[in-house]
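For reference, the chains in residue letters:
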Amino acid sequence: MTEQPHHWITLHRVRLPEVVSATQNSLQAPTGVDCWRCCPSQAIGDDGLPTWASNTWCGLALHGSEEGARAIYEAPLAHLPWLADAVEQWHALALPIAHHGSLNWRGHVEEDSAIRVTSEKAPGRMVVITTAGYTSRETAERSRIIRFIAGVQDVVRFYGTLPGNIRRDVFNGGYDGREGFTLSIWADDKSMIAAAYRDGVHKSRMDQHRNRSLFDRSSFTRARLVDCHGTWGGAEVALSD
């Protein structure tokens, strides 16, 4: 396979027949990928912190070539044998067009370089991936982590009220010292920009962070949804209106 100057992304959201804990995670990575993150959908315990256990998980793989990405996208079970147990699956192929910020997905923090993006203009629905991380998760940091997690929940609920938001979820990392990610899909760029940067819950939470830091590092990635198959929440995700 010929390496390209930009990554391709595959996304693999699955619902399993039972809750799986991240401490017992056997959802192994496919071979030959540049990077793999697989995290549980956010579930919050009585202490306000993630339980890191869910029956819904999402894997995100970075690929150095379109050929490698399409091979896993088109035949995911051949590369992810644990999918045989899934009761629902959704798989997507996406092309990253923008990436900024600090991110630890590979065991060390990378600045503006964790995801290589294309310089080409690409059509399709907007996929947004965001991350937030901490230099320490010691007890002294827990109060702001709890505030941040509650804020993320508020943003997800807010996005769910917007007609331009197609899907959204939060997949918690941190259990292994590396970030998880939020994932949202938008009908068009205009809807995403309005939700993120104009008056609303997301802008309010980011203003709070600027006034009183809620995390130590963050990143955002924008990508184009090239193709997808399967269902998310019992329904297909349309590639266009």
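Residues numbered from 1 in each chain as written. Predicted model: local features only at pLDDT ≥ 70, side-chain atom pairs only at ≥ 80, totals over all residues. Heavy atoms only, no water.

Draft legend 1. View of the packing of aromatic side chains. Per the stated rule, a full pass over the model turns up seven aromatic pairs. Here Phe-158 and Tyr-159 contribute two aromatic rings whose centre-to-centre distance is 6.0 Å and whose plane-to-plane angle is 40°, an arrangement assigned as tilted. Under the relative-accessibility criterion, Phe-158 is labelled buried at 16%. Note on Tyr-159: relative accessible area 10%, which makes it buried. When the centroid spacing of 5.3 Å and the interplanar angle of 40° are considered together, the rings of Phe-171 and Phe-181 count as tilted. With Phe-171 in strand S7 (residues 165-171) and Phe-181 in strand S8 (residues 181-186), this pair connects stretches of sequence that are 10 residues apart. As far as the burial class goes, Phe-171 and Phe-181 line up, both buried. One aromatic cluster in this structure is built from Trp-105, Phe-171 and Phe-181. (Phe/Tyr/Trp six-rings, centres within 6.5 Å; stacked < 30°, edge-to-face > 60°. Buried < 20%, exposed > 50% of the residue type's maximum accessible area, 1.4 Å probe, protein only. Helix = DSSP H or I, 4+ residues; strand = E, 2+ residues; numbered from the N terminus.)

Draft legend 2. Looking closely at helix H1 (residues 66-74). Within the sequence span of H1, burial applies to Gly-68, Ala-69, Ile-72 and Tyr-73. Projected down its long axis, H1 shows its buried positions confined to an angular sector of 130°, all on one face. What points out from H1, more than 90 degrees from its buried face, is the exposed set Glu-67 and Glu-74. (Arc of directions from axis to C-beta.)

Draft legend 3. Just the pattern of salt bridges, in detail. Tallying each qualifying case throughout the model produces 13 salt bridges. Notably, a salt bridge pairs Glu-88 with Arg-15, separated by 3.7 Å at the nearest N-O pair. Of this pair, Glu-88 sits in strand S4 (residues 88-103) while Arg-15 sits in strand S1 (residues 8-21), placing them 73 residues apart in sequence. Since its relative accessible area comes to 8%, Glu-88 is described here as buried. Salt-bridge contacts for Asp-34 lead to Arg-106; the nearest nitrogen and oxygen are separated by 2.3 Å. Separated by 72 residues along the polypeptide, Asp-34 in the loop between S1 and strand S2 (35-40) and Arg-106 in the loop between S4 and strand S5 (110-111) bring together distant segments of the chain. Assessed through its relative accessible area of 34%, Asp-34 is described here as partly exposed. Residue classification places Arg-106 among the partly exposed positions, given a relative accessible area of 26%. When salt bridges that share partners are traced, they join Arg-13, Arg-15, Glu-88 and Asp-169 into one network. (Salt bridge = Lys/Arg side-chain N within 4 Å of Asp/Glu carboxyl O.)

Draft legend 4. A look at the environment of Pro-17. Looking at where Pro-17 falls in the secondary structure, it is placed in strand S1. When the C-alpha positions of Pro-17 and Ala-86 are compared, they lie 6.5 Å apart, and in sequence the two are 69 residues distant. Sequence-distant contacts of Pro-17, defined by excluding residues within four places in its chain, comprise Asp-85 and Val-87. (Contact = heavy atoms within 4.5 Å.)

Shape descriptors only; they carry no functional weight alone.
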